[in-house]
Structure formats: structure tokens, C-alpha cells
Amino acid sequence: MSIVYDSDQHRGLIWQAWLAEHAPDLPFYLWPETGDPQQVNYLVTWSVPDNLSERFPNLKVIFSVGAGADQFDYSRLPPGVRVVRMIEPGIAQSMTAYITFSVLALHREIPMYLRQQQKREWKKGRILPTETCRVGIMGLGTLGEAAALQLLSLGFRCSGWSRTPKSVSGVTCWSGDEELQPFLAESDILVCLLPLTSRTRGILNRDVFQQLPAGAGLIHAGRGQQLNHGDLLTALDSGQLSQAIVDVTDPEPLPEDHPFWAHPSLWLTPHIASETQPETSVRVLLENIRCHQRGAPIAGLVEPERGY
Ligand code: NDP
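The protein chain is annotated in an unreviewed UniProt entry as D-3-phosphoglycerate dehydrogenase from Tatumella ptyseos ATCC 33301.

Trainee: Is there a simple way to think about unusual backbone geometry in this case?
Mentor: Apart from glycine, the bulk of residues carry a negative phi angle, and the bulk of peptide bonds sit in the trans form. The amide bond that connects Trp31 to the next residue, Pro32, takes the cis arrangement and shows omega of 15°. Structurally, Pro32 can be placed in the loop between β2 (28–30) and β3 (40–45). Its identity is not glycine, yet Glu109 carries a phi of approximately 60°, on the positive side. The backbone phi angle of Arg120 is positive, close to 55°, even though this residue is not glycine. Mapped onto the secondary structure, Arg120 falls in the loop between α4 (110–118) and β6 (134–138).

Trainee: Looking at this structure, I do not really get the UniProt feature "domain: D-isomer specific 2-hydroxyacid dehydrogenase NAD-binding" (unreviewed entry) in the protein chain. What am I missing?
Mentor: Under the local residue numbering, the UniProt record ascribes the feature "domain: D-isomer specific 2-hydroxyacid dehydrogenase NAD-binding" (unreviewed entry) to residues 103–273. A helix fraction of 28% and a strand fraction of 19% characterise residues 103–273, whose end C-alpha atoms lie 13 Å from each other.

Trainee: What should I look at first to understand helix α1 (residues 9–22) in this one?
Mentor: One turn of the α-helix equals 3.6 residues, which is why residues spaced by three or four share an orientation. Given a rise of 1.5 Å per residue, 14 residues ought to cover 20 Å, and the 20 Å separating the end C-alpha atoms of α1 matches this to within 8%. Among the residues of α1, Arg11, Gly12, Trp15, Trp18 and Leu19 are the ones counted as buried. All buried residues of α1 fall inside an arc of 135° around its axis, so they share one side. Opposite the packed face of α1, turned more than 90 degrees from it, sit the exposed residues His10, Ala17, Ala20 and Glu21. Against β1 (2–6), β2, β3 and α9 (278–293) lie the buried residues of α1.

Trainee: Would you mind going over the sheet that holds β3 with me for this structure?
Mentor: Consider a sheet: its strands pair through backbone hydrogen bonds, and that pairing is either parallel or antiparallel. Here five strands make up an open sheet; going across it, the order is β2-β1-β3-β4-β5 and the pairing parallel. The open sheet terminates on both sides in strands that have one partner only, identified here as β2 and β5 (82–84). Averaged over all pairs of adjacent strands, the angle between their axes in this sheet comes to 20°, without regard to strand direction. As judged from the three bridges shared by β1 and β2, these two strands associate in the parallel manner. Bridged to Tyr5 within β2 is Leu30. Against the sheet, α1 makes contact with β1, β2 and β3, and its axis sits at roughly 160° relative to β2, the strand it touches most.

Trainee: It is not clear to me how the site of the ligand should be interpreted in this structure. Could you clarify?
Mentor: Taken together, the neighbourhood of the ligand is formed by 28 residues, with Arg85, Leu143, Thr164, Asp247 and Tyr308 sitting nearest. Contact between the ligand and Ala221: a nitrogen atom at 3.1 Å from a main-chain N or O atom of the residue. Protein contacts shield 93% of the accessible area of the ligand, which totals 950 Å² for the unbound molecule. Broken down by class, the residue content of the shell around the ligand amounts to 12 nonpolar, 10 polar and six charged. Two domains each put at least three residues into the shell around the ligand: domain 1 (2–88 + 276–306) and domain 2 (90–268).

Trainee: Could you clarify how one ought to interpret the pairing of strand β7 (residues 157–162) in this entry?
Mentor: When a strand is regular, its side chains alternate between the sheet's two faces. Summarising burial for β7: five of the six residues are buried, a large majority. As paired elements, β6 and β7 share five bridges and run parallel to each other. Bridged to Arg134 within β7 is Arg157. You can see the chain leave β6, run along helix α5 (residues 142–153) and come back into β7, and the turn it takes is right-handed. Two elements, β7 and strand β8 (residues 172–175), share four bridges in a ladder whose sense is parallel.

Thresholds applied
- Sequence order as written defines the numbering, with residues in each chain counted from 1.
- Where totals are concerned, whole chains, interfaces and linings use all residues; where local detail is concerned, this predicted model gives features only for residues with pLDDT of at least 70, and gives and counts side-chain atom pairs only at 80 or more.
- With hydrogens and water set aside, each side-chain value is computed from the structure's full complement of heavy atoms.
- Helix numbering and strand numbering both begin at the N terminus, where a helix is a DSSP run of H or I of at least 4 residues and a strand a DSSP run of E of at least 2.
- UniProt positions are given in the numbering used here, feature names are shortened, and annotations may be inferred rather than shown by experiment.
- For a helix, the expected span equals 1.5 Å multiplied by the residue count minus one.
- Each residue is assigned to one of three classes by its accessible area relative to the maximum for its type, calculated with a 1.4 Å probe on protein chains only: buried under 20%, partly exposed between the two thresholds, exposed over 50%.
- To be clear, the arc concerns the directions from the helix axis to the C-beta atoms.
- Throughout, a residue-residue contact means that at least one pair of heavy atoms, one from each residue, lies within 4.5 Å.
- We call two strands paired when DSSP finds no fewer than two bridges between them.
- Inter-axis angles, ranging from 0 to 180 degrees, are taken between N-to-C directions of lines fitted to C-alpha atoms, where helices are fitted over the stretch in contact.
- We call a residue near a given molecule or strand whenever any one of its heavy atoms falls within 4 Å of it.
- Whenever two N or O atoms come within 3.5 Å, that pair is a polar contact, provided that in protein one can donate a hydrogen and the other can accept it, and provided that, for residues adjacent in sequence, both atoms are side-chain atoms.
- For the area figures, the Shrake-Rupley method with a 1.4 Å probe applies, and any residue is considered shielded solely by the protein chains shown.
- Residues are grouped as follows: Ala, Val, Leu, Ile, Met, Phe, Trp, Tyr, Cys and Pro are nonpolar; Asp, Glu, Lys and Arg are charged; all remaining types, including Gly, are polar.
- Domain segmentation is taken from an automatic or database assignment of domains.
- We call a crossover right-handed when, viewed with both strands directed away from the observer, the connection leading from the first strand over the helix to the second proceeds clockwise.

In C-alpha cells, the structure reads:
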């Protein structure tokens, strides 16, 4: 029973050292080393190699190195091989920091003050208490809930939208397509933390922007293909949206002549909202492998039919 790791080398070396100490019964190979391919039960990767079943005939679980698992083509996976996405405290902490920073920047109108600075303009606006600002989080999962709890602690009013009904203390919870409209109507700042699925592809579009209060802000840290670029530009230019902070795009990176680079009301970050932290994630990996070995439920098991 062994693990093959095919991803970032730096993280792989940290994992290898940690596992050697804490799970000496589990050989861990950094790709292209694999040991005996017959012994490989676990593959940790971002993308699935060709001829998976010939390479690793006894593969049981693919662990995604990231929180998302939309990059896999589930139709190509050998039958019986499960996919597990990464749920680990390090990703949630970094994402919470990014969302909190972005919400605070929009609430305190920092983009406007930076534009003023460029014009050498010293002009004060009103400072509104955080409780006047309603933050709506699309995707009230691991990351959305963590961000909502942090924002609540700062006094923001938070709501969340999920596929199935949820209950999070202090957060107004909406769910399903039928509750999208009331959720959007009360979101002064819309945060997207949805997984990419057939139902969420292109979801950040004209219809959604028009249902937000005029002058709303957008923070997009889900996946690039969820955002319609043209619709966002139209909404920003018309003032329907006052400002967007975009961390994920399609493609990544954007071409040099893409209008997002220079738009005055758009901040672009290069998919840095969060990432898997080596020290915290390896503990989760081992815990999941131990669960799998004793037939217990695994955290983050992807359901291919729902797409996340
Ligand atoms: P989870 O699976 O824990 O949460 C997903 C949430 O989205 C759930 O609340 C789910 O609803 C909801 N959802 C899914 N489909 C729909 C739908 N059709 N309509 C309404 N709600 C829906 O994922 P995480 O919170 O761990 O991660 C979310 C995403 O964040 C990742 O998939 C990835 O795309 C992105 N990400 C981005 C990073 C970056 O650096 N920019 C880093 C890490 C992740 P329900 O609760 O009912 O299942």
C-alpha cells in the first residue's frame, strides 16, 4: 500500500518527511518515482495522467491537491476510483483572510481612495459602520462558511446561498435556484465561492448583476469559468456594480490586451486567494487514508454526478 504524489515539489518534500515520521508503513513516492506500481493505492495530483488503470492497476483514491476537483474528467476515471478534494484548515484560513481583506476594502471604498490618490485628491467620504453592509456569499461550504463567520465577527451582516438548505448561526441562509433572487437583492457585496459545475458555469452574468442592489461590489474567488467577462465590464461601466475584485479568470493568465488588466474599477489578483498549506494538509491526507483503510467515511469525497 503506497502513495504517489505528483504536484508541487516543495510541498511534496515536506509531506514526504512528515509521513516518513508519522506513517512509516505508508511509502510515499514523489513522481516520477512510483515504487512498485501494483502497490499504489493512493495518487495525489492536480491532473490525472493518461492510462491510469495500466499505470496503477490497484489505485483506489485520487486526492486532489486543491479544494476544487473540477479539473478532473470523471468519465475517464477507472470504475471504483474515488476522488477526494482537499478540505484543510490552511486553505480556509488563507481564503478567509483574502475575502475579509476584500470585503473591508470595498466597504471602506479603498479603490476609490486609491483612484483619488492618483489624482492627488484629498476628499473624505462617510465612514459607515460594518453593520450597514450586507455581504452575500454564493457557496456556503467549507470556505464560504469560514469567511462568513469571520465577517460576522467584524459586524457585517452576512447571508449565504447554497444548493441544499443550510443553517449557520448568525447567517441568513438561502438555497436553491428559487431563492437566488431574494439572496441577491440583499447583497451589497457579492462573494463567489462556488465550485465549478455544469450548474455554476457562467453564473456570474448580467442577470445576476442586475438583481444586486445598484452599486454593489463583487468579489470572485471561485473559478474563472463562472464569470462572464463581458457582462462584468458592462455592469461596471454602467455603475450597476461599483467595483470588482477578481482572483480567478478564464483563461489564466488573461491575454495582455484583456480589458480587465486596466479597468479602473477592477482589481485583479493572479489566483492567490488561497492555496493548500503543506504542514496542515498532510495531516488531513493521512487522516483520510486511515479512514479509507478502516472503511470509515472520507472527508471531501467528491460526488461526480453533482460535480463537487
Ligand atoms: P464546498 O464543496 O465545501 O462548498 C461548496 C458550496 O457551494 C456548498 O455550500 C454548495 O451547496 C454550494 N453549491 C454548489 N453548487 C451549487 C449550486 N448549483 N447552487 C447553489 N449553491 C451551490 O467547497 P469549498 O468551500 O471548499 O470550495 C469552494 C470553491 O472555492 C472550490 O470549489 C474552488 O472552486 C474555490 N477555491 C478557490 C481558491 C482560490 O485561490 N481562488 C482556492 C480554493 C478554492 P451545498 O452546501 O448544498 O452542497
